[in-house]
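# Topology and contacts: notes
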Amino acid sequence: MAKHTSLRARFLGFAGGHFVLSALGATVAFALFGAAEAGAGLLGALVALLMLLYAPAGAFTAFLMEWERPTAREWLRAVALTGGIACLWGFGGFALCLTEATSLLGFCLLMSTAFLASPSFCLMFLVVLQVLDLPGLTWAPTWFLGILAAALLPPVLFFTGALFVSRKQPQMGLDEGRATP
């Protein structure tokens, strides 16, 4: 019987691909931030490129680890697990920033994504640049949608890329379930 790809294996595969893209993204982003003439347009192109690289990273990981094609439920669970952790990180860091006692911790959580999740950090930074000039609380929906997109886009693109090269699950025939003498 073929080995089944567990949720844990999918999560660890995503984590490996995610950290490789984060290292690449942090290197390019800091070089870009060092250039004084770099604008939001160049940052937007970097964000789009880094996010789109999740699909080939997922395909490569699925090929390398010989993942089998997940069912729709398994795919949703993998996306929900990784996206949920990212949402907790982003929204939790933002919530901690709202009180004076925990604001430093919240700021550190959000800033740690510069190294741990640079594609998402660059997307959040791009959103911050867009909402700086908005009056009052009109920035809030844009900011929250930006955090949600930064949390969910990487796993959705990664696991979609993994679908393209995953092996099909073997179908158990009538004779495969019985022991042969």
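Residues numbered from 1 in each chain as written. Predicted model: local features only at pLDDT ≥ 70, side-chain atom pairs only at ≥ 80, totals over all residues. Heavy atoms only, no water.

## A short note on the overall build of the protein
Scanning the protein from terminus to terminus reveals seven helices and zero strands. Helices and strands in the protein line up, N terminus first, as α-α-α-α-α-α-α. In the protein, which comprises 181 residues, the share counted as buried stands at 36%. Of the roughly 10,700 Å² of accessible surface on the protein, 74% is carried by carbon and sulfur atoms. (Helix = DSSP H or I, 4+ residues; strand = E, 2+ residues; numbered from the N terminus. Buried < 20%, exposed > 50% of the residue type's maximum accessible area, 1.4 Å probe, protein only. Areas by Shrake-Rupley, 256 points an atom, 1.4 Å probe, with all protein chains shown as cover.)

## As for unusual backbone geometry
Unlike most non-glycine residues, Glu66 shows phi in positive territory, near 55°. Examined against the element boundaries, Glu66 turns out to sit in the loop between α3 (54-65) and α4 (72-96). Judged by its relative accessible area of 52%, Glu66 falls in the exposed class.

## Some thoughts on the layout of surface pockets
One number sums up the size of the largest pocket: a volume of about 450 Å³. Elements with a contribution of two residues or more to the lining of the largest pocket: α1 (7-34), α4, α5 (103-116), α6 (118-131) and α7 (139-165). (1 Å grid on protein atoms, 1.4 Å probe; cavity = no way out; pocket = protein on both sides within 12 Å on 5 of 7 lines; lining within 4 Å. Points joined across faces, edges and corners; volume = space filled by probe spheres on them.)

## Brief notes about the environment of Ser6
Looking at where Ser6 falls in the secondary structure, it is placed in the segment before α1. Overall, Ser6 belongs to the partly exposed group, its relative accessible area being 33%. Between the alpha carbons of Ser6 and Glu74 there is a distance of 8.8 Å; along the sequence they are 68 residues apart.

## Structural notes on the packing of aromatic side chains
For the coordinates displayed, the defined rule picks out eleven aromatic pairs. Residues Phe14 and Tyr54 carry aromatic rings whose centres are separated by 6.2 Å and whose planes lie at 20° to one another, so their mutual orientation is stacked. Remark: Tyr54 occurs in helix α3 and Phe14 occurs in helix α1; sequence separation between them is 40 residues. Assigned by exposure class, Phe14 and Tyr54 land together as buried. An angle of 40° between the planes, with centres 6.1 Å apart, marks the rings of Phe91 and Phe144 as tilted. Of this pair, Phe91 sits in helix α4 while Phe144 sits in helix α7, placing them 53 residues apart in sequence. Under the relative-accessibility criterion, Phe91 is labelled partly exposed at 29%. Three or more aromatic residues joined by ring pairs form one cluster here, namely Phe14, Tyr54, Trp67, Phe158 and Phe159. Positioned above the aromatic ring of Trp67, the side-chain terminus of Arg10 is 5.4 Å from the ring centre. (Phe/Tyr/Trp six-rings, centres within 6.5 Å; stacked < 30°, edge-to-face > 60°. Lys NZ or Arg CZ within 6 Å of the ring centre and 35° of its normal.)

Remember that the coordinates give geometry; whether it matters functionally is a separate question.
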